[in-house]
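Next come the chains, spelled out residue by residue.
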Amino acid sequence: MRYRDSVDIYEDKSLAGSPVPDYSGDPLYRAVPCSIITTAGDESFRGRQLEAHLTHVVEMHNYPNITATCRLVDRGRLSGRALNVRQVRQLDVDAKGRRQILQIYCEEAAPQ
């Protein structure tokens, strides 16, 4: 599969229990080829809670240690926008049980 986009992947380096994530320092992975799909993100009330909807879906080959505490920073088309990972799903598994494709659901981070 050929990907058009690329991202840097940062992991949260804050101390356990810290309410503010820390994505400073070197990225976990640099210039990872991927495909970024923009969705129609918005917020709505469901019951008595505000529910945030995802704004981007990112597909890439499997990389270990990508979790819902990571942040992706686009290196091209989205002009350096930061995407907070909300969920990571594996799509394909080969005959040996290895994950091949990851689908990462993200929400665009507020500008700082």
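Before any of the text, the structure's been laid out above.
Basis of the calculations
Residues numbered from 1 in each chain as written. Predicted model: local features only at pLDDT ≥ 70, side-chain atom pairs only at ≥ 80, totals over all residues. Heavy atoms only, no water. Helix = DSSP H or I, 4+ residues; strand = E, 2+ residues; numbered from the N terminus. Buried < 20%, exposed > 50% of the residue type's maximum accessible area, 1.4 Å probe, protein only. Contact = heavy atoms within 4.5 Å. Salt bridge = Lys/Arg side-chain N within 4 Å of Asp/Glu carboxyl O.

Asks: Give a detailed account of the environment of Pro21, specifying residues and quantitative values.
Replies: Inspection of the secondary structure assignment puts Pro21 in the loop between strand E1 (5-10) and strand E2 (29-38). Note on Pro21: relative accessible area 42%, which makes it partly exposed. Separated by 50 residues in sequence, Pro21 and Arg71 have C-alpha atoms that sit 9.8 Å apart. Contacts of Pro21, omitting those with residues within four sequence positions, involve Asp12 and Ser14.

Asks: Can you break down the pattern of salt bridges residue by residue, with the values?
Replies: Scanning the model with the defined rule gives three salt bridges in all. We note a salt bridge from Asp8 to Arg75, for which the minimum N-O separation is 3.1 Å. Of this pair, Asp8 sits in strand E1 while Arg75 sits in the loop between strand E6 (71-74) and strand E7 (82-93), and the two are 67 residues apart along the sequence. Owing to a relative accessible area of 8%, Asp8 belongs among the buried residues under this scheme. Note that Glu108 is salt-bridged to Arg81, the shortest N-O span being 3.5 Å. Of this pair, Glu108 sits in strand E8 (residues 99-108) while Arg81 sits in the loop between E6 and E7, placing them 27 residues apart in sequence. A relative accessible area of 40% places Arg81 in the partly exposed class.

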